[in-house]
Amino acid sequence: MASSTTPPAADLAEIPAPQSGFEGDASASTLGGAVSGYLDKVRGGDLGALPAVAGIVVLGVLFTILRSQTFLKPLNITNLLVQAVAISLLAMGLVFVLLLGEIDLSAGVVSGVCAAVMAVTMARHDVPWYWAVLFAAATGAAIGLFTGVLVAVIRIPSFVVTLALFLGWQGVTLKLIGQGGTVPVRDPVVVGLTNSSMSVVWGWILAVVVVVLYAALQLNRWRVQRTRGLASQPLIVVVLRIVVIAVIALGITAVLNVNRALNPNFQLVGIPWAIPVVVVLLLALTFLLNKTSFGRHVYAVGGNSEASRRAGINVTRVRVLVFVLSSAMAAISGIAAASRLSSVDASSGGGNTLLYAVGAAVIGGTSLFGGRGRVRDAVLGGLVIAIIANGLGLLQVAAYLNFIITGAVLLLAASVDALARRRGAATGH
Amino acid sequence: MSALSTRPGEGIPTLELRGVNKSFGAVQVLRDVNLLAYPGKVTALVGDNGAGKSTLIKAIAGIHPIDSGEILFEGQPVSIGGPRDAAALGIEVVYQDLALCDNLDVVQNMFLGRERHNGVILDEVSMEQAARDTLTRLSVRTLKSVRQPVSSLSGGQRQTVAIAKAVLWESKLVILDEPTAALGVAQTRQVLDLVRRLADTGHCVVFISHNMIDVFEVADRVAALYLGRMAADVPITDVDLTRVVELITAGRSGDLGIESATVAEAGV
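Quick notes on the rules
- The residue numbers shown here count from 1 along each chain, following its written sequence.
- Labels are handed out in written order, letters beginning with A for the chains and numbers beginning with 1 for the ligands.
- Predicted model: local features are reported for residues with pLDDT of at least 70 only, side-chain atom pairs are reported and counted for 80 or more only, and whole-chain, interface and lining totals are derived from all residues.
- Strands are runs of DSSP state E lasting at least two residues, helices are runs of H or I lasting at least four, and both sets are numbered from the N terminus onward.
- Atoms counted for the radius of gyration: C-alpha only. Globule rule: 2.2 Å times the number of residues to the power 0.38.
- Buried residues are those with 20 or more other C-beta atoms within 10 Å of their own C-beta, exposed residues have 12 or fewer, and partly exposed residues lie in between; C-beta atoms are placed from the backbone.
- Contacts are defined on C-beta atoms placed from the backbone: any two residues whose C-beta positions lie within 7 Å are in contact.
- Note: two strands are recorded as paired if DSSP finds a minimum of 2 bridges between them.
- For helices, the axis comes from a line fit to the C-alpha atoms of the stretch in contact; other axes are also lines fit to C-alpha atoms, and the angle between any two N-to-C directions lies between 0 and 180 degrees.
- Scored from 0 to 100, pLDDT reflects the predictor's confidence in each residue.
- Multiplying 1.5 Å by the helix residue count minus one yields the expected span of that helix.
- The arc in question is traced by the directions running from the helix axis to the C-beta atoms.

Colleague: Lay out the overall build of chain A with the relevant residues and their values.
Modeller: Along chain A, the regular secondary structure elements total 16 helices and 2 strands. Here chain A has a C-alpha radius of gyration of 22 Å; the compact-globule value for 429 residues is 22 Å, and the two agree. For chain A, the spread of C-alpha atoms along the three principal axes comes to 70 × 60 × 40 Å. Among the 429 residues that make up chain A, the fraction classed as buried is 48%. Once local pairs closer than 6 in sequence are excluded, the contacts in chain A between residues at least 24 apart make up 77%.

The following block contains the structure:
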């Protein structure tokens, strides 16, 4: 849950500080003012992370009641988090595409192609894992460049381009893998990404570093805003945010550092390596989106592309780069998925992969209409999707029900998005 | 033409157009258009729908570069090939459809495309301070916060932000495309006051409007386009409301306007 401020839809009330001429401030720098500002935003249709957090809590309670023996056990929580990794990574890239008001239907199968590239180069050409991973990521970026040029330069609607590529890349995966075949992934590093864990000590060190860093950045920003007389949140809100992050980070670390092996004589502890990878990518992409011109321009193009063009932003370049970034993230997601299954087959990245990822972004709070969304939405929404998949699996629900329930949740998320947008238009938020 | 540009007492015009032509395919939208706009003055650009007002300002803004003719900026011939050229000269256009991003806040919109940085990191502190200073300088008192998203602002407030954005850039020429078109009475008042303040702080302002009351209230000069030609470009004191309406609808009024022969040729 990387913090951050600036772009639209910042967390709790983003309200001004007292300064000449700009009223509405005195009220906002108090806790009461911040709370009422936040409620105003929610009423105005900007729900932020609310639906995703509510989803996680409600589903968590539901499955805990229905499967009290298994759901909240450390082993299952670890499985659940690892299940969420590939979805969240794919969704992180898609957030950028959705922010532009575009769609990438091919992202799932791109993750399959890139995973196949990695697996085939390692298995059949004995390439070391780092070159294979790099090659897969480069393949993703090149695919994104191709998609981006078709969408941004030639101006074919992204829906059509990526629908065509959705079919096309599946053919490429099939060709790479061979009809009906499976390419095993045996490299210990790649397999270990989702199947082995860091030591207990390193896990705690990482968690504490993350929390301290977050707190330092937040408090420093608050201090600068205060001393310069800029818009700032009340200190209590900043502190509360830090506490929430600390509880989540330390709580997850505590759970993952408990021995989760079913056989008590066996030791199975620590944070799976994929989790810090997700955290680092989450922080890096959040930084890109919130703290750099590129990120600002992504929001601007998604909000009003003509206004962006007139402001001198190279809209075509922004669009192309977003598709490059999104497909590169798809490649990383494909690698994570291949790691989890220790193999790549012709259907990798097909099926529900893309819909889960788009659903994750939308459930997290990213708008399908462009201009609103954050990288953390991908992680929150990815968790919701993973909880559904995991919980239904524990309940041993019939396959048909699994599809129907997941579909219904996606529809619900999209409805919330559409209604929020209508409400926003009606109340001028 | 040369007689116009040397009119005594008005100094060097910030913007001067000489014989500007612009066609879209077979349609000639601007024919031999001349225009003068002076620093510290508001020039109203009037004309009926389709007279070429929007094309003219888009030509000045570099969105539709001109086919032929001359553009002089502060007496120097310049070529404007794109929005960046115009911005580099100090030309800012406030469009009718506002050109603001609803999902960004006031500060983010004011610095859109020209963000300030510390290394690669956006310098939010200095941007917010500069935005506040500019709004304060323009005596904008209606904004609740500079960090509220533009989508939550009223029409008048949006227009204010769009104009303040132009001023932020130390622009010399500010072009306003129907800034009061969709506003209520009180908001129109605010915006007209702001337009006046803009000129009083030394900016050259070109102001497109269909509303003659607004024109006579703030303009120092009036330029009337008629079917792509400049019918008249005169101090507002030389004309009255009836004559401006005649210039807009017929291209001619008394001794002002296009020769009747050319009026006929223009296709009426």
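Colleague: Outline the sheet that holds strand β1 (residues 15-24) of chain B, listing residues and values.
Modeller: Residue and element names in this part refer to chain B. Pairing in this open sheet of 4 strands is antiparallel, and the strands run β2-β1-β4-β5 from one edge to the other. Unpaired on one side and paired on the other, β2 (27-37) and β5 (76-78) mark the two borders of the sheet. Across the sheet, the mean angle separating the axes of adjacent strands is 30° when strand polarity is ignored. For β1 and β2, the ladder comprises 7 bridges, and the chain directions are antiparallel.

Colleague: For the environment of Leu285(A), give the residues involved together with the corresponding values.
Modeller: All names here are of chain A. The topology assignment puts Leu285 in helix α10 (residues 274-291). The class of Leu285 is buried, set by 22 C-beta atoms lying within 10 Å. In the structure, Leu285 is positioned 148 residues away from Ala137 in sequence and 16 Å away in space, judged by C-alpha atoms. Each residue touching Leu285, except ones within four places of it in the same chain, is listed here: Met92 and Val375.

Colleague: An account of the confidence of the model for chain B is requested, with residue identities and associated values reported.
Modeller: Low-confidence regions, as indicated by low pLDDT, have predicted coordinates that should not be scrutinised in detail. Residue and element names in this part refer to chain B. On average, chain B scores 84 in pLDDT, and the residues at 70 or more come to 92%. Summarising per-element confidence for chain B, the mean pLDDT is lowest in helix α1 (residues 2-5) (43) and highest in helix α4 (residues 106-110) (93). Scored below 50 in pLDDT, residues 1-9 makes 7 contacts in the model with residues more than four places away or belonging to other chains. Both confidence scores are given for the complex: pTM 0.85, ipTM 0.83.

Colleague: A description of the pairing of β1(B) should follow, citing residues and the corresponding values.
Modeller: Residue and element names in this part refer to chain B. Hairpin connection of β1 to β2: 2 residues between the antiparallel strands, including Gly25 at a positive phi of 60°. Sheet topology places β1 next to strand β4 (residues 68-73); 5 bridges connect them, and they run antiparallel. Counterpart to Asn21 in the pairing with β4 is Ser68.

Colleague: Give a description of unusual backbone geometry that names residues and reports values.
Modeller: All names here are of chain A. Positive phi is not limited to glycine here, since Asp126 has a value of about 55°. Mapped onto the elements, Asp126 comes out in the loop between α4 (107-125) and α5 (129-153). The class of Asp126 is exposed, set by 8 C-beta atoms lying within 10 Å.

Colleague: Help me get a handle on helix α1 (residues 31-43) of chain A, residues and values and all.
Modeller: Residues and elements named next belong to chain A. Counted at 1.5 Å a residue, the expected span for α1 with its 13 residues is 18 Å, and the 18 Å between its end C-alpha atoms agrees. When we look at burial in α1, the residues that qualify are Ala34, Gly37 and Lys41. Along the long axis of α1, the arc covered by the buried residues comes to 65°, so they all point the same way. The outward face of α1, more than 90 degrees from its buried face, is lined by the exposed residues Gly32, Leu39 and Arg43. Elements that come into contact with the buried residues of α1 comprise α9 (235-256).

Colleague: Now, about helix α6 (residues 158-177) of chain A: what can you tell me, with residues and values included?
Modeller: For an α-helix, the turn length of 3.6 residues means that residues three or four places apart are oriented alike. Residue and element names in this part refer to chain A. Spanning 20 residues, α6 covers 27 Å between terminal C-alpha atoms, matching the ideal 28 Å at 1.5 Å per step. Where α6 is buried, its residues touch α4, α5, β1 (182-184) and β2 (343-345). Of the residues one or two after α6, Gly178 is the one with positive phi, at around 95°.

Colleague: Describe the environment of Gly156(B), naming the residues involved and giving the relevant values.
Modeller: Residues and elements named next belong to chain B. Following the sequence through the fold, Gly156 ends up in helix α6 (residues 155-168). Spatially, the C-alpha atom of Gly156 lies 7.2 Å from that of Thr188, the residues being 32 residues apart in sequence. For Gly156, the residues in contact, after removing those within four places along its chain, are Leu183, Gln187, Gln190 and Val191.

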